[in-house]
Amino acid sequence: MTLATATGPHPGDTIVAVSSAPGARARAVVRVSGPETLRVVNQLFTHATPSRRGGVRRLVPGALRLTGVHSPLPATLYFFPGP
């Protein structure tokens, strides 16, 4: 295989991946990055107070709404804008 034929994420892709260790845990880490990150996060994550601090690193308490899960799951969004 050469670099010319290697496939992998394209810089224009939005990637959602579990980043925590496998197995049962009290907390999971999911990383979302790419140009559609805010759209993905806004579909799944609700927070109590909308933030108007665009482009600033911050923690946002809220909840995840997942298909097949009756109640929202408590969550914290760790927001680190790029590049």
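Residues numbered from 1 in each chain as written. Predicted model: local features only at pLDDT ≥ 70, side-chain atom pairs only at ≥ 80, totals over all residues. Heavy atoms only, no water.

Caption draft 1: Representation of helix H1 (residues 37–44) within the structure. All buried positions along H1 are accounted for by Thr37, Val40 and Val41. Here the buried residues of H1 occupy an arc of 95° about the axis, which is enough to place them on one side. In H1, the exposed positions angled more than 90 degrees off the buried face are occupied by Leu38 and Asn42. Turning to H1, the residues buried within the fold contact strand E1 (15–18), strand E2 (30–33), strand E3 (45–47) and strand E5 (73–79). (Buried < 20%, exposed > 50% of the residue type's maximum accessible area, 1.4 Å probe, protein only. Helix = DSSP H or I, 4+ residues; strand = E, 2+ residues; numbered from the N terminus. Arc of directions from axis to C-beta. Contact = heavy atoms within 4.5 Å.)

Caption draft 2: Highlighting the sheet that holds strand E4 (residues 58–64). As summarised here, the arrangement of the three strands in space is E3-E4-E5, forming an open sheet in which the pairing is antiparallel. Since the sheet does not close on itself, it has two edges, and those belong to E3 and E5, each with one partner. In this sheet, neighbouring strand axes are inclined to one another by 45° on average, regardless of whether the strands run parallel or antiparallel. The sheet contact formed by E4 and E5 spans seven bridges and is antiparallel. Counted as the bridge partner of proline 61 is threonine 76 from E5. Each of E3, E4 and E5 is contacted by H1, which is oriented at about 75° to E3, the strand it contacts most. (Pairing = 2+ DSSP bridges. Axes fitted to C-alpha atoms, helices over the stretch in contact; angles between N-to-C directions.)

Caption draft 3: Just the pattern of salt bridges, in detail. Counted by the stated rule, this structure contains one salt bridge. For the salt bridge of arginine 39 with glutamate 36, the shortest nitrogen-to-oxygen distance reads 2.9 Å. The exposure class of arginine 39 is partly exposed, given its relative accessible area of 45%. (Salt bridge = Lys/Arg side-chain N within 4 Å of Asp/Glu carboxyl O.)

Caption draft 4: The side chain of threonine 37, seen in detail. By the element assignment, threonine 37 lies in helix H1. In terms of polar contacts, threonine 37 uses its side chain to reach the backbone carbonyl oxygen of glycine 34, at 2.8 Å. Beyond its immediate chain neighbours, meaning those up to four positions away, threonine 37 contacts Thr14 and Val32. (Polar contact = N/O pair within 3.5 Å; in protein donor to acceptor, adjacent residues only side chain to side chain.)

None of this, on its own, says anything about what the molecule does.
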